[in-house]
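As a plain string of letters, each chain reads:
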Amino acid sequence: MSRRGEAKISSELFTLTYGSLVAQLIKDYEEDEEVNIQLEKMGYNIGTRLIDDFLANATQTSKCTEFRETADVVAKVGFKMFLGIVPTVTNWSEDFTECSLILDENPLATFVELPSSHKDLNFSNLLCGVLRGALMMVQMRTDVWFKQDVLKGDPITEIRLKLHEIMVDEAPPSDE
Amino acid sequence: EMIFNFYLFDRKGSCLHFQEWKRMARSQSHSDDANAKLMFGMLYSLKDFVKRISPVPVKGGFHHYTTGSYKLNYLETLSGMKLVLTTDVNVGDTQDDLRNLHKIYVEYALKNPCYVFGDVITSDLFKEKIDQYTRGLHYFRAK
């Protein structure tokens, strides 16, 4: 079965659409922290759906045996499939529950220059939500946050991933 | 050869979709809703059983079981979506067909922004696509 609407849209249109979304949120919520929260929430809702699209189209169908493998799949298959970039997975914690994704380029922020009045804004915070939502659906409870962002003057863009637990299925409710 | 029915469950056990093409016996419990609950409970228990009893590390869970009168074909995605297609006993491997039914769910239910995640799917287009795909399977041929 072929995918519907495989036709590409202009990446500029995508980038500008995301930009106006963030701009509108800034108008609506004013505080940078609040905008960060809203972007994360939106991303989470996207991620919980996107995971099935990912699973339906990725060739890898077997379960990852450890978080290291998961992070690799996220970077090499997930980011590639939806954003066309492949971040580097690095900076692992000793127990392999925390790592960083280094983004050499960020398609969401191509035209963005953050004014100094918004130094607390995580412009691409949607990505953190998407990752958290998608991983939640495969039973991994994580925290995801921007540790560094070139938009804020940092030398690199770094998303940090932390695995808290791998959840188990709840038993169906009994009739009694 | 033929196909009897199709169930789609989410991880929590909500039946998002049920469609029936043929029924040749009256089941013990009368409502579709009660049957869906029974089905999900059975899938959960069977999955657990398969895991417990397995002499080798479990990878994909179970794919089907066959009784004297019907075959139950099963696919569970890593996201916990459960797809069930009950067919005639002579039907072969259906994993790829179940994967395609999952794709239809992604394209015609999940990607619709008006669809509330976890709700029963009411989209006619979705039902039509499921129906079309299932009828197109070479082992459909219901009389």
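Preceding this paragraph is the structure being described.
What comes next is a walk through the structure. (Residues numbered from 1 in each chain as written. Chains lettered and ligands numbered in written order. Predicted model: local features only at pLDDT ≥ 70, side-chain atom pairs only at ≥ 80, totals over all residues. Heavy atoms only, no water.)

Description of the overall build of chain A
Reasoning step 1: For chain A, the helix and strand inventory stands at four helices and four strands.
Reasoning step 2: Listing each helix as α and each strand as β along chain A from the N terminus yields α-α-α-β-β-α-β-β.
Reasoning step 3: Viewed in the frame of its principal axes, chain A has a C-alpha envelope of about 55 × 40 × 40 Å.
Reasoning step 4: Out of the 176 residues in chain A, the part that is buried amounts to 41%.
Reasoning step 5: The long-range share in chain A, meaning contacts at least 24 apart out of those at least 6 apart in sequence, stands at 57%.
Reasoning step 6: Surface summary for chain A: the accessible area is close to 10,000 Å², and the carbon and sulfur share equals 53%.
Reasoning step 7: For chain A, the separation between the mean place of its 17 positive charges and that of its 30 negative charges on side chains is 4 Å. (Helix = DSSP H or I, 4+ residues; strand = E, 2+ residues; numbered from the N terminus. Buried < 20%, exposed > 50% of the residue type's maximum accessible area, 1.4 Å probe, protein only. Contact = heavy atoms within 4.5 Å. Areas by Shrake-Rupley, 256 points an atom, 1.4 Å probe, with all protein chains shown as cover. Lys, Arg positive; Asp, Glu negative; His and termini not counted. Charge placed at Lys NZ, Arg CZ, Asp CG, Glu CD.)

Notes on the interface of chain A and chain B
Reasoning step 1: At the junction of the two partners, chain A supplies 22 residues and chain B supplies 27 residues.
Reasoning step 2: Carbon and sulfur atoms make up 57% of the surface buried where chain A meets chain B, a total of about 2,200 Å² over both sides.
Reasoning step 3: Remark: the boundary between chain A and chain B carries three salt bridges.
Reasoning step 4: In this structure, B:Lys47 engages A:Asp169 in a salt bridge whose closest nitrogen and oxygen atoms are separated by 3.2 Å.
Reasoning step 5: Here chain A is connected to chain B by nine residue pairs in polar contact (both at pLDDT 80 or more).
Reasoning step 6: With eight residues, the single largest contributor to the side of chain A that touches chain B is helix α2 (residues 32-57) of chain A.
Reasoning step 7: For the side of chain A that touches chain B, the residue count by class is eight nonpolar, five polar and nine charged. (Buried area = accessible area lost by both parts, 1.4 Å probe. Salt bridge = Lys/Arg side-chain N within 4 Å of Asp/Glu carboxyl O. Polar contact = N/O pair within 3.5 Å; in protein donor to acceptor, adjacent residues only side chain to side chain. Nonpolar A, V, L, I, M, F, W, Y, C, P; charged D, E, K, R; others polar.)

A look at the environment of A:Asp104
Reasoning step 1: With respect to the element layout, A:Asp104 can be found in the loop between β2 (98-103) and α4 (126-137).
Reasoning step 2: For the pair A:Asp104 and A:Val86, spaced 18 residues apart in sequence, the C-alpha to C-alpha distance is 8.5 Å.

Quick notes on the packing of helix α2 (residues 95-110) of chain B against helix α3 (residues 124-136) of chain B
Residues and elements named next belong to chain B.
Reasoning step 1: Their axes nearest at 9 Å, the elements α2 and α3 cross at an angle of 160°. Judged by the angle between their axes, α2 and α3 are roughly antiparallel. You can see that α2 and α3 cross each other, and the crossing is right-handed. On the side of α2, the interface is formed by Asp96, Asp97, Asn100, Leu101, Ile104, Tyr105, Tyr108 and Ala109, while α3 contributes Leu125, Phe126, Lys129, Ile130, Tyr133 and Thr134. (Axes fitted to C-alpha atoms, helices over the stretch in contact; angles between N-to-C directions. Parallel < 35°, antiparallel > 145°, perpendicular 65-115°, else oblique. Left-handed = near helix turned anticlockwise from the far one by under 90°.)

Here we look at the packing of aromatic side chains
All names here are of chain B.
Reasoning step 1: One pass over the structure, following the stated rule, counts nine aromatic pairs over all chains.
Reasoning step 2: With a centroid separation of 4.6 Å and an interplanar angle of 40°, the aromatic rings of Tyr7 and Phe18 are classed as tilted. Of this pair, Tyr7 sits in strand β1 (residues 3-9) while Phe18 sits in strand β2 (residues 15-20), and the two are 11 residues apart along the sequence.
Reasoning step 3: Given the relative accessible area of 5%, Tyr7 is considered buried.
Reasoning step 4: For Phe18, a relative accessible area of 22% translates into the label partly exposed.
Reasoning step 5: Among the aromatic residues, those joined into a ring-pair cluster are Tyr7, Phe9, Phe18 and Phe40. (Phe/Tyr/Trp six-rings, centres within 6.5 Å; stacked < 30°, edge-to-face > 60°.)

Brief notes about the sheet that holds strand β1 (residues 88-90) of chain A
Two pairing modes exist for strands in a sheet, parallel and antiparallel, and in both the strands are linked by backbone hydrogen bonds.
Residues and elements named next belong to chain A.
Reasoning step 1: Ordered in space as β1-β2-β4-β3, the four strands form an open sheet in which the pairing is antiparallel. A strand with exactly one partner marks an edge of an open sheet, and here the two such strands are β1 and β3 (140-148). Taking each pair of neighbouring strands and ignoring which way they run, the sheet shows an average axis angle of 25°.
Reasoning step 2: Sheet topology places β3 next to strand β4 (residues 157-166); eight bridges connect them, and they run antiparallel. (Pairing = 2+ DSSP bridges.)

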